[in-house]
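Analysis of the macromolecular model
As a plain string of letters, each chain reads:
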Amino acid sequence: MRETGRSITDVCADVGFNSLGTFSRTFREIVGETPTAYREGNGPVVVPGCVQLANTRPRKDSSSG
């Protein structure tokens, strides 16, 4: 929801809900606000550069001795 321009209806279908109303109700029960309010109040997740670099660094494959 935070980092996509897809509509809430598309996200609803992507996660397996057939009903936008059921998705919205379930989302609100879990998150505490509607999908629209959540999207408006929360931007993309910001990760410090050092964390991002550490998690995108190529790693040696331990299975190739």
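See the structure above.
Below is a short write-up of the structure. Note on numbering: residues in each chain are counted from 1, in written sequence order. Whole-chain, interface and lining totals are the exception, using all residues; otherwise, since this is a predicted model, local features are given only for residues with pLDDT of at least 70 and side-chain atom pairs are given and counted only at 80 or more. Here the side-chain values reflect all heavy atoms present in the structure, with hydrogen atoms and water set aside.

Let us now look at the overall build of the protein chain. When helices and strands are tallied, the protein chain shows 4 helices and 0 strands. A helix here means a DSSP run of H or I that spans at least four residues, while a strand means a run of E at least two residues long, and both kinds are numbered starting from the N terminus. When the helices and strands of the protein chain are read in sequence order from the N terminus, they spell out α-α-α-α. Here the protein chain has a C-alpha radius of gyration of 17 Å; the compact-globule value for 65 residues is 11 Å, and the former is much larger. When each of the 65 residues of the protein chain is scored for burial, the buried share is 12%. A separation of at least 24 residues holds for 44% of the contacts in the protein chain among residues at least 6 apart in sequence. When charges are tallied, Lys and Arg are placed among the positive residues and Asp and Glu among the negative ones, while His and the ends of the chain are skipped. In this description, the location of a charge corresponds to atom NZ of lysine, CZ of arginine, CG of aspartate or CD of glutamate. Of the charged side chains in the protein chain, 8 are positive and 7 negative, and the gap between their average positions amounts to 7 Å. All radius of gyration figures rest on C-alpha atoms, and the globule criterion is 2.2 Å times the number of residues raised to 0.38. Buried residues are those whose accessible area, probed at 1.4 Å on protein chains only, stays under 20% of the maximum for their type, while exposed residues exceed 50% and partly exposed ones sit between those limits. We call two residues in contact when some of their heavy atoms are within 4.5 Å.

For the rest of this paragraph, the subject is helix α2 (residues 20-31). By this rule, a helix spans an expected 1.5 Å times one less than how many residues it contains. Counted at 1.5 Å a residue, the expected span for α2 with its 12 residues is 16 Å, and the 16 Å between its end C-alpha atoms agrees. Any N or O atom pair separated by 3.5 Å or less is treated as a polar contact, with the protein-specific requirement of one donor-capable and one acceptor-capable atom, and with residues adjacent in sequence counted only for side-chain atom pairs. Between the side-chain oxygen at the start of α2 and the backbone nitrogen of Gly-21 there is a gap of 3.3 Å, and the oxygen is on Ser-19. Downstream of α2 by a residue or two, Gly-32 has a phi angle that is positive, lying close to 100°.

On to the nonpolar core, then. Grouping buried Ala, Val, Leu, Ile, Met, Phe, Trp, Tyr and Cys residues that are joined through side-chain atoms within 4.5 Å yields what is termed a nonpolar core. Counting 7 residues, the largest nonpolar core is built from Met-1, Ile-8, Val-11, Cys-12, Phe-23, Phe-27 and Tyr-38. Of all the secondary structure elements, the ones that give two or more residues to this core are α1 (8-14) and α2. For this core, the element with the highest residue contribution is α1, accounting for 3 residues. Excluding its chain neighbours within four sequence positions, the residues that come into contact with Phe-23 are Ile-8, Val-11, Cys-12, Val-15, Phe-17 and Pro-35.

Fair warning: the whole summary comes from geometry, so function is off the table for now.
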